[in-house]
Each structure stands twice: as structure tokens, then as C-alpha cells.
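Summary of structural features
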Amino acid sequence: MLAWVCGNTCIWKPSEKTPLCALACQHIVASVFAANQVPEGVSCLITGDRVVGQWMTEDARIPMVSATGSTRMGKAIGTAMAARFGRALLELGGNNAIIVSKDADLDIAIPGAVFGAVGTAGQRCTTTRRLIIHENIYDKVKDRLVGVYRQLRIGDPLQETNHVGPLIDKDAVNAYLAAIETGKQQGCRFIVEGEVLAGDGFESGCYVRPCIAEAEPGLGIVSQETFAPILYLLKYRDLDEAISIQNNVPQGLSSSIMTLNLREAEQFLSAAGSDCGIANVNIGTSGAEIGGAFGGEKETGGGRESGSDAWKSYMRRQTNTINYSHHLPLAQGIKFEI
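1. A word on the environment of Y149
Along the polypeptide, Y149 turns up in helix α6 (residues 138-149). A residue is classified by how much of its surface remains accessible, and Y149, at 7% relative accessible area, is buried. Each C-alpha atom of the pair Y149 and I212 lies 8.8 Å from the other, and the pair is 63 residues apart in sequence. Excluding anything up to four places from it in sequence, Y149 contacts V114, A117, V118, V192, P210, C211, I212 and L231.

2. Thoughts on the side chain of S286
Among the secondary structure elements, S286 is positioned in the loop between β12 (278-281) and β13 (297-298). In this structure the side chain of S286 is engaged in a polar contact, spanning 2.8 Å, whose partner is the side chain of R124. For S286, the side chain forms a polar contact with the side chain of T126, separated by 3.1 Å. Ignoring any residue separated from it by four or fewer positions in sequence, one finds S286 in contact with F115, G116, R124 and T126.

3. Things to note about the pairing of strand β9 (residues 230-236)
Among the seven residues of β9, six are classified as buried, and the element is accordingly described as predominantly covered. Looking at chain direction, strand β6 (residues 128-134) and β9 are connected through five bridges and run parallel. Residue R130 lies in a different strand from β9, and its bridge partner there is Y232. Here strand β8 (residues 211-214) pairs with β9 via four bridges, running parallel. If you follow E214 over to β9, its bridge partner there is L233.

4. Thoughts on the packing of aromatic side chains
Applying the stated criterion across every chain, the model contains one aromatic pair. Above the plane of the ring of F190 lies K184, whose end atom (NZ or CZ) is 5.7 Å from the centre. Across the ring face of Y138, the terminal group of K235 is positioned such that the distance to the ring centre comes to 4.6 Å.

5. Quick word on the side chain of T226
Tracing the chain through its elements places T226 in the loop between β8 and β9. When its relative accessible area of 12% is taken as the criterion, T226 is described as buried. Look past the residues within four positions of T226 in its chain and what remains in contact with it is R129, A175, Y176 and A179.

6. Some details on the packing of helix α8 (residues 239-247) against helix α9 (residues 262-269)
It is at 11 Å that the axes of α8 and α9 come closest, and there the two elements cross at 35°. With respect to the hand of their crossing, α8 and α9 are arranged in right-handed fashion. Along the contact surface, α8 presents L239, D240, I243 and Q246, while α9 presents E264, Q267 and F268. When grouped by side-chain class, the residues that make up the contact of α8 with α9 number three nonpolar, two polar and two charged.

7. Examining a nonpolar patch on the surface
On the surface, L328, L330, I334, F336 and I338 cluster together into a nonpolar patch covering about 620 Å² of accessible area. Inspection of the secondary structure assignment puts L328 in the segment after β13. Overall, the relative accessible area of 64% leaves L328 in the exposed class.

8. So, unusual backbone geometry
Located in the positive-phi region is A121, a residue other than glycine, with phi close to 55°. Among the structural elements, A121 can be located in the loop between α5 (106-118) and β6. Phi at K298 is positive, roughly 55°, even though this residue is not glycine. Looking at where K298 falls in the secondary structure, it is placed in strand β13. In this structure K298 comes out as partly exposed when scored by relative accessible area, which is 36%.

9. A closer look at the sheet that holds strand β7 (residues 189-192)
Strand pairing in a sheet takes place through backbone hydrogen bonds and is either antiparallel or parallel in direction. In spatial order, the strands read β7-β8-β9-β6-β5-β11-β12; together these seven strands make up an open sheet with mixed pairing. A single partner strand is all that each edge strand has here, and the edge strands are β7 and β12. Pairwise comparison of adjacent strand axes, ignoring direction, gives a mean angle of 25° for this sheet. Running over the sheet, α9 touches β5 (96-100), β11 (254-258) and β12 and is turned about 175° from β12.

Cut-off values and rules
- Residues numbered from 1 in each chain as written.
- Predicted model: local features only at pLDDT ≥ 70, side-chain atom pairs only at ≥ 80, totals over all residues.
- Heavy atoms only, no water.
- Helix = DSSP H or I, 4+ residues; strand = E, 2+ residues; numbered from the N terminus.
- Buried < 20%, exposed > 50% of the residue type's maximum accessible area, 1.4 Å probe, protein only.
- Contact = heavy atoms within 4.5 Å.
- Polar contact = N/O pair within 3.5 Å; in protein donor to acceptor, adjacent residues only side chain to side chain.
- Pairing = 2+ DSSP bridges.
- Phe/Tyr/Trp six-rings, centres within 6.5 Å; stacked < 30°, edge-to-face > 60°.
- Lys NZ or Arg CZ within 6 Å of the ring centre and 35° of its normal.
- Axes fitted to C-alpha atoms, helices over the stretch in contact; angles between N-to-C directions.
- Left-handed = near helix turned anticlockwise from the far one by under 90°.
- Nonpolar A, V, L, I, M, F, W, Y, C, P; charged D, E, K, R; others polar.
- Patch = residues over 30% accessible without salt bridge, like charges linked within 9 Å, V, L, I, M, F, W, Y side chains within 5 Å.
- Areas by Shrake-Rupley, 256 points an atom, 1.4 Å probe, with all protein chains shown as cover.
- Salt bridge = Lys/Arg side-chain N within 4 Å of Asp/Glu carboxyl O.

Any functional reading would require information beyond the geometric quantities listed.
In C-alpha cells:
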């Protein structure tokens, strides 16, 4: 949308897994543009796999590419764009954490964590993947989470009474299962087991059960982003340790602290706190970012979509100097007798 607002034409390519959604969106855009006398071709859709994306990044007629996806994809796009001095705006992976302080209001913290962890079946860049809990309330939070997870309704996402829909395809299911197996091998203890659901309503084989694992911060699987509803519980003693645990992953998109302690909130938001592009207090990692500058740091890419300054990425800067006099002033007082 920013590309259009800034006066640009836009060629957009969706994920190869969502071509029908893309066509539906393009039809909506086309009808709105037609009703407002915007010429056809201002918004153009192209579908395809990674090869199509590669064509776009290597084509000098496309001066700027905004890409949302994996860190691996972002590195390839950034390299290709830099090679031809193009511009890239990258919004990549997220491994988002909520710190739950001993001074947290658990009636806010628990719903925020559950919504962040299982909403859209864990398939959102701002999904909550790590819950860093103070040791004094760890068991209480764990028990409440387990109780809530037992109440989750999994099924057709078009039914408003369901909480969790399917993963997008079998590849996502396999990644979910592989992450669970890797976690167990590395020492995670699953207090809510994951599984692929079968039976009436689950014929696609893409419905899975959101799961919870107790883990240690240093485990390799905890530092990875699995696009599925897997939540890791981690324990901390003081806020410095909690912030260190949160920041000690390659990704830096969204973060949150649940606390009623003003000093903790201020430290979390300071230069000594969260190193993510998004830092929230008493709200989860997912859903509060609408309208703000959206994006992250480190392997998340550093770009910002939306927000007050994002439009600048879609514009080119030009410096203009106009001499309105009848003379030509020269620098450094130089004079030419001509």
C-alpha cells in the first residue's frame, strides 16, 4: 500500500503457497482503483516460486524490493540487490519472547501468551515462541497454561468458536514434528504433547495440537524459528538474566514484558533492555503492532513497514538548488572575469 501512496507502480509476488488469496486481493485492489480512476497496471500481480522472486531481485527495472519471509530468503535478496545498487526492505524471521515478571498481572499475561503462541496456529512472524518466567511464579504460570491449552478448540478456522486452525501444508506439519523430535533429543520436556490430529474434520492431515515444552535457554532448537504452535518455557532469577535470555537469539522482531513494576518496564524499554524492533509492556508480542513501525533487528532484517517513516523507503531523494537571481554565485568567493 505504501508503494501506491508514494506514487509508485507495484509488482507484488505472494508466497507460492497462497496464490488464490493473492488473486482475491488483487481483484479487490483492481475494483477500488477502477472506481477511483486509477489506471490499470498501477498494481500488478505475479505468482510463482522462488525463481520468480529471483527474477525480480535481479531486474534493474525494479529499483526497490520489499520482502517478507525467512532469513535465508532475505540474505539472498539483500545480496542480489546490493550487487546492482538496488534497495531492499526486509522483514524476516522472528523468535519472539514474553518476559513474565513476578510482578505481572497473570490475568493479562496468560491470555496474552496463549493468543500469541497459538493464534493463526503459530504461523505469524510475531508469534510468541518463548515464555521467560520468573522462578517465583514459574509453576503457577505453567499450571495455568496447561489448563488453558486443554480447553483449546482446534478445527475449521471459518467456525468462530474454534481457536486454532490448520498449518498451511504438509511441509509445515513435517517441520513441526521435526522440531518436537529435535527438542526432545536436546532435552526439552513436553508438558503438553504435540500431535497431528486425525478423524472427522481433520482429513487434510494439517491440523496439529499446540504444545508446550520446558527448555533451557542454550538449546539449539530454542534459537530457531519453527512456523508452528510450539511454545518454550524458560526460567529466570532477575531481570538482567531475563533480558539476556530474550536477546540471545539471532532474530529480533517482537518482544514483551508483563509487569506492574515501573522500573522493570523502563529497563526493558531502555538501551539496556530489549534489542527487538518491537517492545511491548503488558500486551503480547502479536497484534499490537498495527499502525506502528513494523520490523526488527539482527537477522530480522532491519527494515520497517508501516509507521510514520516507512514511506521514505519507497521514495527517491533529490536535492534541488534554484538560482533565481541574475548572477552566478561561486563557492569559496571565486571570481571569473569573463
